Amino acid sequence: MSMNDPLGDMLTRIRNAQLRGKSTVSTPASKLRAWVLDVLSAEGYIRGYEKKETENGQGELVISLKYFEGTPVIRELKRVSKPGRRVYMATKDLPSVRNGLGVSIISTPKGVMSDASARSANVGGEVLCTVF
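Just so it is clear, the structure is predicted and the values come from calculations on it, not from any experiment. (Residues numbered from 1 in each chain as written. Predicted model: local features only at pLDDT ≥ 70, side-chain atom pairs only at ≥ 80, totals over all residues. Heavy atoms only, no water.)

**A word on the packing of helix α1 (residues 6–19) against helix α2 (residues 31–42)**
Two elements in contact, α1 and α2, have axes whose closest approach is 10 Å; the angle formed by their N-to-C orientations is 45°. Of the possible angle classes, the one that applies to α1 and α2 is oblique. Remark: the crossing between α1 and α2 carries right-handed chirality. Side by side, α1 and α2 meet where Pro6, Leu7, Met10 and Ile14 of the first sit next to Leu32, Arg33, Val36, Leu37 and Leu40 of the second. Its residues assigned to classes, the contact of α1 with α2 comprises eight nonpolar, no polar and one charged. (Axes fitted to C-alpha atoms, helices over the stretch in contact; angles between N-to-C directions. Helix = DSSP H or I, 4+ residues; strand = E, 2+ residues; numbered from the N terminus. Parallel < 35°, antiparallel > 145°, perpendicular 65-115°, else oblique. Left-handed = near helix turned anticlockwise from the far one by under 90°. Contact = heavy atoms within 4.5 Å. Nonpolar A, V, L, I, M, F, W, Y, C, P; charged D, E, K, R; others polar.)

**Here we look at α1**
In a regular helix each residue adds 1.5 Å, so 14 residues correspond to 20 Å; α1 covers 20 Å between its end C-alpha atoms and thus fits that length. Listed in full, the buried residues belonging to α1 are Leu7, Gly8, Asp9, Met10, Leu11, Ile14, Ala17 and Gln18. Directly after α1, the chain includes Gly21, whose backbone phi takes a positive value near 70°. (Expected span 1.5 Å × (residues − 1). Buried < 20%, exposed > 50% of the residue type's maximum accessible area, 1.4 Å probe, protein only.)

This is the structure:
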(Lines give C-alpha, C1' and ligand atoms only; values in the text may rest on other atoms or scores of the structure.)
Protein backbone atom coordinates (compact mmCIF):
# COMPACT_ATOMS: atom_id res chain seq x y z
CA MET A 1 0.00 0.00 0.00
CA SER A 2 1.43 3.33 -1.02
CA MET A 3 0.93 5.84 1.73
CA ASN A 4 2.41 8.77 -0.17
CA ASP A 5 -1.18 9.16 -1.37
CA PRO A 6 -3.33 8.56 1.72
CA LEU A 7 -6.52 9.70 -0.04
CA GLY A 8 -5.88 7.39 -3.00
CA ASP A 9 -5.28 4.60 -0.50
CA MET A 10 -8.68 5.23 1.12
CA LEU A 11 -10.44 5.19 -2.26
CA THR A 12 -8.76 1.86 -3.09
CA ARG A 13 -9.83 0.41 0.26
CA ILE A 14 -13.44 1.44 -0.45
CA ARG A 15 -13.35 -0.11 -3.94
CA ASN A 16 -11.79 -3.36 -2.67
CA ALA A 17 -14.23 -3.68 0.24
CA GLN A 18 -17.18 -3.20 -2.12
CA LEU A 19 -15.86 -5.90 -4.46
CA ARG A 20 -15.94 -8.25 -1.46
CA GLY A 21 -19.40 -7.07 -0.41
CA LYS A 22 -18.19 -5.85 2.99
CA SER A 23 -20.47 -3.61 5.04
CA THR A 24 -17.66 -1.52 6.53
CA VAL A 25 -14.04 -0.65 5.79
CA SER A 26 -11.46 1.18 7.92
CA THR A 27 -8.88 3.77 6.98
CA PRO A 28 -6.41 5.73 9.13
CA ALA A 29 -8.02 8.98 10.24
CA SER A 30 -7.12 12.34 8.72
CA LYS A 31 -8.95 15.61 8.25
CA LEU A 32 -8.82 15.41 4.46
CA ARG A 33 -10.16 11.85 4.39
CA ALA A 34 -12.97 12.80 6.80
CA TRP A 35 -13.89 15.83 4.65
CA VAL A 36 -14.07 13.64 1.52
CA LEU A 37 -16.22 11.14 3.43
CA ASP A 38 -18.51 14.00 4.52
CA VAL A 39 -19.19 14.77 0.84
CA LEU A 40 -19.65 11.07 -0.07
CA SER A 41 -22.11 10.79 2.80
CA ALA A 42 -24.00 13.99 1.97
CA GLU A 43 -24.29 12.90 -1.67
CA GLY A 44 -25.66 9.49 -0.63
CA TYR A 45 -22.72 7.33 -1.73
CA ILE A 46 -21.94 5.91 1.72
CA ARG A 47 -24.08 5.39 4.83
CA GLY A 48 -21.63 7.40 6.92
CA TYR A 49 -18.54 6.88 9.02
CA GLU A 50 -17.37 7.07 12.60
CA LYS A 51 -14.04 7.83 14.15
CA LYS A 52 -12.56 5.20 16.46
CA GLU A 53 -9.56 5.68 18.70
CA THR A 54 -6.53 3.49 18.03
CA GLU A 55 -3.51 2.65 20.16
CA ASN A 56 -1.14 4.74 18.03
CA GLY A 57 -3.30 7.82 18.65
CA GLN A 58 -4.01 8.55 14.99
CA GLY A 59 -7.44 6.97 15.15
CA GLU A 60 -9.28 5.35 12.29
CA LEU A 61 -12.37 6.10 10.28
CA VAL A 62 -14.81 3.21 9.98
CA ILE A 63 -16.78 3.75 6.79
CA SER A 64 -20.24 2.20 6.36
CA LEU A 65 -20.65 1.22 2.72
CA LYS A 66 -23.96 1.46 0.91
CA TYR A 67 -25.58 -1.13 -1.35
CA PHE A 68 -28.80 -1.08 -3.34
CA GLU A 69 -30.32 -4.54 -3.91
CA GLY A 70 -26.89 -6.05 -3.30
CA THR A 71 -25.03 -3.75 -5.71
CA PRO A 72 -22.61 -1.10 -4.44
CA VAL A 73 -24.05 2.41 -4.77
CA ILE A 74 -20.59 3.63 -5.82
CA ARG A 75 -19.98 2.28 -9.30
CA GLU A 76 -16.82 4.21 -10.01
CA LEU A 77 -14.41 6.03 -7.69
CA LYS A 78 -11.43 7.70 -9.37
CA ARG A 79 -8.53 9.70 -8.01
CA VAL A 80 -8.01 12.79 -10.21
CA SER A 81 -5.38 14.98 -8.58
CA LYS A 82 -2.34 12.96 -7.48
CA PRO A 83 0.68 13.89 -5.36
CA GLY A 84 2.89 13.85 -8.47
CA ARG A 85 0.36 15.58 -10.70
CA ARG A 86 -2.01 17.98 -9.02
CA VAL A 87 -5.13 18.99 -10.91
CA TYR A 88 -6.63 22.43 -10.21
CA MET A 89 -9.63 23.92 -11.98
CA ALA A 90 -11.42 27.25 -12.01
CA THR A 91 -15.16 27.23 -11.28
CA LYS A 92 -16.11 27.45 -14.96
CA ASP A 93 -13.87 24.49 -15.84
CA LEU A 94 -15.11 22.08 -13.14
CA PRO A 95 -15.95 18.84 -14.93
CA SER A 96 -19.45 17.41 -14.99
CA VAL A 97 -19.23 13.70 -14.11
CA ARG A 98 -21.41 11.46 -16.30
CA ASN A 99 -23.61 14.39 -17.36
CA GLY A 100 -24.24 15.38 -13.78
CA LEU A 101 -25.11 11.87 -12.56
CA GLY A 102 -21.77 11.69 -10.75
CA VAL A 103 -19.93 14.07 -8.48
CA SER A 104 -16.45 15.59 -8.44
CA ILE A 105 -15.05 16.26 -4.98
CA ILE A 106 -13.13 19.53 -4.92
CA SER A 107 -10.80 20.94 -2.28
CA THR A 108 -11.52 24.68 -2.36
CA PRO A 109 -10.48 27.66 -0.22
CA LYS A 110 -13.95 27.33 1.36
CA GLY A 111 -13.53 23.65 2.21
CA VAL A 112 -13.95 20.26 0.55
CA MET A 113 -17.21 20.09 -1.40
CA SER A 114 -19.02 18.65 -4.40
CA ASP A 115 -18.61 20.28 -7.81
CA ALA A 116 -22.22 21.55 -7.58
CA SER A 117 -21.49 23.25 -4.24
CA ALA A 118 -18.24 24.69 -5.61
CA ARG A 119 -20.11 26.12 -8.61
CA SER A 120 -22.75 27.73 -6.43
CA ALA A 121 -20.08 29.10 -4.07
CA ASN A 122 -18.21 30.26 -7.18
CA VAL A 123 -14.91 28.67 -6.12
CA GLY A 124 -12.53 26.39 -7.94
CA GLY A 125 -9.80 24.26 -6.45
CA GLU A 126 -8.07 20.92 -6.52
CA VAL A 127 -10.14 18.12 -8.10
CA LEU A 128 -9.54 15.32 -5.59
CA CYS A 129 -11.65 12.56 -7.09
CA THR A 130 -14.81 11.72 -9.01
CA VAL A 131 -17.54 9.34 -7.93
CA PHE A 132 -20.34 7.80 -9.94
